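# Per-entry structural report
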Amino acid sequence: MAQLAVQQHLVKLASHRRGVAVAGLSTALPPIRVETDEIWEAMGRVRGRRLRHLPTPVDGARTRYFAEPLSTVIESRSQSQQTDAYLKHARLLSRQVAVDAVERSGVDRDSIGLVIGVSCTGLILPSLDAELIPALGLRADVARLPITELGCGGGVAGLARAQDYLRAYPERAVLVFAVELPSLTFQPDDQSTDNLIAAMVFGDGAGGAVVRADEELPGLVMEDSTSLLVPEGARQLGYELRDGGLRVVLSRELPGIVEARLRGAVEAFLDRAQLRIADLDFVAAHPGGSGIFDAIERALGLAPDALATSRAVFRKVGNPSSAGIFFVLEAMHASGRPARGLAIAFGPGLSIELALIRFQ
């Protein structure tokens with residue numbers, strides 16, 4: 001009996017070191033494409049004056065995708081109207097990425113034991129997965145994990161929770177989807193700089209993936225993950241639910257906190273795998289904007305072109321909050337080159353979400 005217990009313990013330890021395959025990666029954008037200078041002009045009309053120049057955090061930005069026309073986005077709406085709009089568009093986008101992810105992964109739908117749904121730009125009960133599960137034909141006893149309050153870090157965190165689940169149930173699969181509609185949270189009566197910058201930085205979008213406990217599959221493998229809470233950043237990033245809806249908190253102090261705390265978090269995380277920053281082939285940074293990109297590069301001592309893919313995603317689609325990392329990973333996967341690197345995202349808290357990943 002003692003020998004059997006030791007063997008079971010060794011198997012359990014081995015399973016905790018196994019990576020998971022992120023299969024069936026999918027992204028989706030709403031149909032309305034706008035140029036950032038159009039948004040800037042609209043912000044001037046909302047504020048009743050011509051704005052002088054684009055702020056630094058959105059330099060290099062080009063296009064955004066919105067679920068509704070810009071003329072509608074900048075109008076005042078009640079909380080009920082915002083919720084109705086969120087439900088309409090979030091249902092469509094989440095179903096699109098979920099169906100695509102499942103079909104591309106090739107998994108048997110009965111093998112999906114957990115659905116993780118991530119979204120911070122709309123508050124509804126039941127969560128989106130309650131409608132999605134029967135629409136996809138998944139088992140009625142599938143477990144559900146809705147994630148709301150992790151903001152932009154929710155995509156990486158969702159993949160990490162999928163890995164945790166598969167360590168316990170390696171014979172199953174996990175569907176992860178993230179859908180965000182930050183344009184619908186715009187507050188035309190909010191004259192703060194935070195609200196102005198958010199209107200330029202964020203864009204709507206969705207991402208999804210099926211995660212399996214088979215690290216030998218070709219494509220993207222997630223080896224390990226971690227999360228670090230930085231309490232002094234708690235007031236620098238997030239949403240506050242106020243009269244009229246969600247009001248964004250996007251402090252100009254955030255890049256400084258990221259620069260000060262990121263390197264220590266990354267070095268401690270990589271040390272678990274006996275790696276150094278110099279051993280990484282790439283960094284997949286959440287597309288949070290040029291200020292965040294610059295802070296990551298300075299903190300980690302990266303080459304000037306190290307975040308080229310993340311910057312390109314930001315120029316094309318902006319920051320789709322928790323869904324953003326799916327766009328970055330999809331773009332990197334398209335290159336087809338074997339490599340090992342680090343995925344980074346930040347969420348309210350302030351949380352630093354890290355994942356050691358490889359393409360094979």
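Now for a description of the structure that goes with this document. (Residues numbered from 1 in each chain as written. Predicted model: local features only at pLDDT ≥ 70, side-chain atom pairs only at ≥ 80, totals over all residues. Heavy atoms only, no water.)

## As for helix H6 (residues 154-168)
With 15 residues, H6 ought to run about 21 Å at 1.5 Å a step, and its terminal C-alpha atoms sit 21 Å apart, in line with that. When we look at burial in H6, the residues that qualify are Gly154, Gly155, Val156, Ala157, Gly158, Leu159, Ala160, Ala162, Gln163, Tyr165, Leu166 and Arg167. (Helix = DSSP H or I, 4+ residues; strand = E, 2+ residues; numbered from the N terminus. Expected span 1.5 Å × (residues − 1). Buried < 20%, exposed > 50% of the residue type's maximum accessible area, 1.4 Å probe, protein only.)

## Here's the deal with the pairing of strand E12 (residues 339-347)
Most of E12 is tucked away, with 8 of its 9 residues classed as buried. Where E12 lies against strand E13 (residues 351-359), 9 bridges are found, and the strand directions are antiparallel. What sits directly across from Gly341, in E13, is Ile357. Between the end of E12 and the start of E13, which pair antiparallel, lie 3 residues, with Gly349 showing a positive phi angle near 145 degrees. (Pairing = 2+ DSSP bridges.)

## Thoughts on empty space enclosed by the protein
On inspection of all chains with the given rule, the structure shows 3 cavities of 30 Å³ or more. Considered as a void within the structure, the largest cavity measures approximately 160 Å³ in volume. Top element by residues in the lining of the largest cavity is helix H7 (residues 193-201). It accounts for 3 residues. Its residues assigned to classes, the lining of the largest cavity comprises 13 nonpolar, 4 polar and no charged. (1 Å grid on protein atoms, 1.4 Å probe; cavity = no way out; pocket = protein on both sides within 12 Å on 5 of 7 lines; lining within 4 Å. Points joined across faces, edges and corners; volume = space filled by probe spheres on them. Nonpolar A, V, L, I, M, F, W, Y, C, P; charged D, E, K, R; others polar.)

## Details of the pattern of salt bridges
Across all of its chains, the model carries 19 salt bridges by this definition. Residue Glu68 pairs with Arg77 through a salt bridge whose shortest N-O separation is 3.0 Å. Under the relative-accessibility criterion, Glu68 is labelled buried at 14%. Arg139 is paired through a salt bridge with Asp141; the nearest N and O atoms lie 2.9 Å apart. (Salt bridge = Lys/Arg side-chain N within 4 Å of Asp/Glu carboxyl O.)

## Focus: the sheet that holds strand E1 (residues 20-28)
Backbone-to-backbone hydrogen bonds join strands into a sheet, with any given pair of strands oriented parallel or antiparallel. An order of E5-E4-E6-E7-E1-E8-E13-E12-E11 is seen for the 9 strands of this open sheet, with the pairing classed as mixed. Each edge of the sheet is formed by a strand with only one pairing partner; in this case those strands are strand E5 (143-147) and strand E11 (282-285). Averaged over all adjacent pairs, the angle separating strand axes in this sheet is 25 degrees, with direction ignored. The pairing of E1 with strand E7 (residues 205-212) spans 6 bridges and is classified as antiparallel. Of the residues in E7, the one forming a bridge with Ala23 is Val210. The strands touched by helix H4 (residues 79-105) within the sheet are E1, strand E4 (112-118), strand E6 (173-180) and E7, with E1 carrying the most contacts at an inclination of about 140 degrees. Packing of H6 onto the sheet brings it into contact with E1, E4, E5, E6, E7, strand E8 (220-229), E12 and E13, and relative to E8 it is tilted by some 115 degrees. (Axes fitted to C-alpha atoms, helices over the stretch in contact; angles between N-to-C directions. Contact = heavy atoms within 4.5 Å.)

## Brief notes about the packing of aromatic side chains
This structure, assessed with the given rule, holds 3 aromatic pairs. Geometrically, the ring pair formed by Tyr165 and Tyr169 is tilted, given 4.9 Å between the ring centres and 40 degrees between the ring planes. Given the relative accessible area of 12%, Tyr165 is considered buried. The class of Tyr169 is partly exposed, set by a relative accessible area of 35%. Centroid distance Phe282 to Phe359: 5.5 Å. Interplanar angle 40 degrees. Geometry classified as tilted. (Phe/Tyr/Trp six-rings, centres within 6.5 Å; stacked < 30°, edge-to-face > 60°.)

## What to know about unusual backbone geometry
For the bond running from Leu125 to Pro126, omega is 5 degrees, close enough to zero to count as cis. When you line up the elements, Pro126 lands in the loop between E4 and helix H5 (129-136). Put simply, Gly349 and Leu350 share a cis peptide bond, and its omega is -10 degrees. Tracing the backbone shows Leu350 in the loop between E12 and E13. At Gln274, a residue that is not glycine, the phi angle is positive and equals roughly 55 degrees.

## As for the packing of helix H9 (residues 290-300) against helix H10 (residues 308-317)
At a minimum axis distance of 11 Å, the contact between H9 and H10 shows a crossing angle of 175 degrees. The pairing of H9 with H10 is recorded here as roughly antiparallel in orientation. Where H9 approaches H10, its residues Ser290, Phe293, Asp294 and Glu297 are matched on the opposing element by Ser310, Arg311 and Phe314. Partitioning the contact of H9 with H10 into residue classes produces 2 nonpolar, 2 polar and 3 charged. (Parallel < 35°, antiparallel > 145°, perpendicular 65-115°, else oblique.)

## What to know about the side chain of Thr185
Here Thr185 shows up in the loop between E6 and H7. The class for Thr185 is buried, based on a relative accessible area of 8%. At 2.7 Å, the side chain of Thr185 forms a polar contact with the backbone oxygen of Pro182. Here Thr185 is in contact with Gln82, Thr121, Tyr239 and Leu246, once residues within four sequence places are set aside. (Polar contact = N/O pair within 3.5 Å; in protein donor to acceptor, adjacent residues only side chain to side chain.)

## A word on the environment of Arg212
In this fold, Arg212 is placed in strand E7. On a C-alpha basis, the gap between Arg212 and Ala323 in space is 20 Å, while along the polypeptide they are 111 residues apart. Apart from the residues within four sequence positions on either side, Arg212 is in contact with Val20, Ala21, Ser105, Val107, Leu166, Ala173 and Leu217.

## Thoughts on the packing of H10 against helix H11 (residues 324-333)
The interhelical angle for the contact between H10 and H11, taken along N-to-C directions, is 120 degrees, at an axis separation of 9 Å. One element, H10, and the other, H11, form an angle in the oblique class. Our pair here, H10 against H11, has a crossing hand that is right-handed. Seen from H10, the contacting residues are Thr309, Ser310, Val313 and Val317; seen from H11, they are Phe327, Val328, Ala331 and Met332. (Left-handed = near helix turned anticlockwise from the far one by under 90°.)

No statement about biological role is implied by the geometric values presented.
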